[in-house]
Amino acid sequence: MAINARLLVDITSRTITGGSADLVTNGMVLTTSDLIPADKPALEVTSATMASNFFGDDSLEARFALQYFIGLTNQQKAPESLVFGRLIAEPAQAWLRSATIDTDLVDLKKITDGAFSITVGGSTINVTELDLSSATSLSHVAQLVATKIGDTVTGEYNANLKAFIFKTVATGADASISFATAGDSGKDTATTLGLTLDAGAVRSSGADAMTPAKNLDAITAVTANWTQFTTLTEVTDETLAKAY
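This one's a predicted model, so the numbers in the text were calculated from it and none came from an experiment. (Residues numbered from 1 in each chain as written. Predicted model: local features only at pLDDT ≥ 70, side-chain atom pairs only at ≥ 80, totals over all residues. Heavy atoms only, no water.)

### Observations regarding the pairing of strand 1 (residues 27-31)
For a regular strand, side chains alternate in direction, first toward one face of the sheet and then toward the other.
Argument step 1. The element strand 1 is extensively covered by neighbouring structure, given that five of its five residues are classed as buried.
Argument step 2. Going residue by residue along strand 1, you find Gly27, Val29 and Thr31 tucked away on one face and Met28 and Leu30 tucked away on the opposite face as well.
Argument step 3. Here five bridges tie strand 1 to strand 3 (residues 82-86), and the two strands are oriented parallel to one another. Paired with Thr31 across the two strands is Arg86, which belongs to strand 3.
Argument step 4. Relative to strand 12 (residues 228-231), strand 1 runs parallel, the two being bridged by four bridges. Counterpart to Gly27 in the pairing with strand 12 is Gln228. (Buried < 20%, exposed > 50% of the residue type's maximum accessible area, 1.4 Å probe, protein only. Helix = DSSP H or I, 4+ residues; strand = E, 2+ residues; numbered from the N terminus. Pairing = 2+ DSSP bridges.)

### Some remarks on the sheet that holds strand 11 (residues 202-204)
Argument step 1. On the basis of which strands lie adjacent, the open sheet formed by four strands has the order 7-8-4-11 and antiparallel pairing. With partners counted over all chains shown, the strands left at the sheet margins are strand 7 (153-158) and strand 11, one partner each. Direction aside, neighbouring strands of the sheet carry axes that sit 15° apart on average.
Argument step 2. Judged from the six bridges that link them, strand 7 and strand 8 (residues 163-171) form a sheet pairing that is antiparallel. Bridge assignment links Glu156 to a residue of strand 8, and that residue is Ile165. (Axes fitted to C-alpha atoms, helices over the stretch in contact; angles between N-to-C directions.)

### Some details on the side chain of Ser98
Argument step 1. Considering the arrangement of structural elements, one finds Ser98 in the loop between strand 4 (93-97) and helix 3 (105-108).
Argument step 2. Relative accessible area serves as the criterion here: at 4%, Ser98 is assigned to the buried category.
Argument step 3. Those residues in contact with Ser98, other than ones at most four positions away along the chain, are Ala163, Phe164, Leu193, Gly194, Leu195 and Ala201. (Contact = heavy atoms within 4.5 Å.)

### Notes on the packing of aromatic side chains
Argument step 1. Here the structure, examined in full by the defined rule, presents six aromatic pairs.
Argument step 2. The interplanar angle of 20° and the centroid separation of 6.4 Å between the aromatic rings of Phe64 and Tyr68 together place this pair among those described as stacked. Linking Phe64 with Tyr68, this pair stays in helix 2 (residues 60-70), spanning four residues, or about one helical turn.
Argument step 3. The exposure class assigned to Phe64 is partly exposed, which follows from its relative accessible area of 26%.
Argument step 4. For Tyr68, a relative accessible area of 17% gives the class buried.
Argument step 5. By the ring-pair criterion, three or more aromatic residues cluster together here, those being Phe54, Phe55 and Phe84. (Phe/Tyr/Trp six-rings, centres within 6.5 Å; stacked < 30°, edge-to-face > 60°.)

### Focus: the pairing of strand 8
Argument step 1. Strand direction decides the pairing type here: strand 4 and strand 8, joined by four bridges, are antiparallel. Within strand 8, the residue paired with Arg97 across the bridge is Ile165.
Argument step 2. The antiparallel hairpin formed by strand 7 and strand 8 contains four residues in its connecting segment, where Lys162 sits at a positive phi of about 55°.

### Quick look at unusual backbone geometry
Argument step 1. Positive phi outside glycine occurs at Glu129, with the angle close to 50°.
Argument step 2. Inspection of the secondary structure assignment puts Glu129 in strand 6 (residues 123-130).
Argument step 3. Even without being a glycine, Lys162 presents a positive backbone phi close to 55°.
Argument step 4. Take Lys162: it is sitting in the loop between strand 7 and strand 8.
Argument step 5. The class for Lys162 is partly exposed, based on a relative accessible area of 45%.

### A look at helix 4 (residues 138-149)
Residues three or four positions apart in an α-helix share a direction because the helix packs 3.6 residues into each turn.
Argument step 1. Its twelve residues place the ends of helix 4 17 Å apart at the C-alpha level, agreeing with the 16 Å of an ideal helix rising 1.5 Å per residue.
Argument step 2. Residues of helix 4 that are buried include every one of Leu138, Val141, Ala142, Leu144, Val145, Ala146 and Ile149, and no others.
Argument step 3. Of the surrounding elements, those touching the buried residues of helix 4 are helix 3, strand 5 (114-120), strand 6, strand 7 and strand 8. (Expected span 1.5 Å × (residues − 1).)

Given below as structure tokens:
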């Protein structure tokens, strides 16, 4: 005797009308990359190229995105986007990332009396007499600038993003760094280095380690445009323990 399927499972009716769009199932992958701000821990990309441009061609994120957007053979519909969620299982540094730097090294080396103001960990630092004439590379420029700010920060140049990044030595929710502003005297290096809000700089607050639940809530607060997730790296019991 035939048994009505409704007696075994709860079935919700759904009608697909002619010409209707297929359902889109986007994914989210957790990454430990600190290029994503801790206070806005999600980045949505719509192509593998976007992931490569942000994380770098050889990054785990770019390789994952390439496979993700290629998808499975004979799939009915490719996903429209991929969300990268930042996994914050350890206390995070605060950082300031410059706008895209279009000024070349030759022009930056002309700065011999640069000045700007910046606040790190609640203390305002007035940088003066910044001399970049000895710089041998853009990475060296970042190091010279960081040295003038003081031992509370480190400086680096990200060739992929074409941006300077200054990170606090301190970690956790109390770690902070502000956008730079013009100094009282000397050449306005804040704008030249793209470290102002108006120039397009990006800032990330420090953060305490998050529990998995809190981490996912923070990601969802930025975007909920995903239905399942995975991780780029293995999440061990030790990693989870640090987040509690």
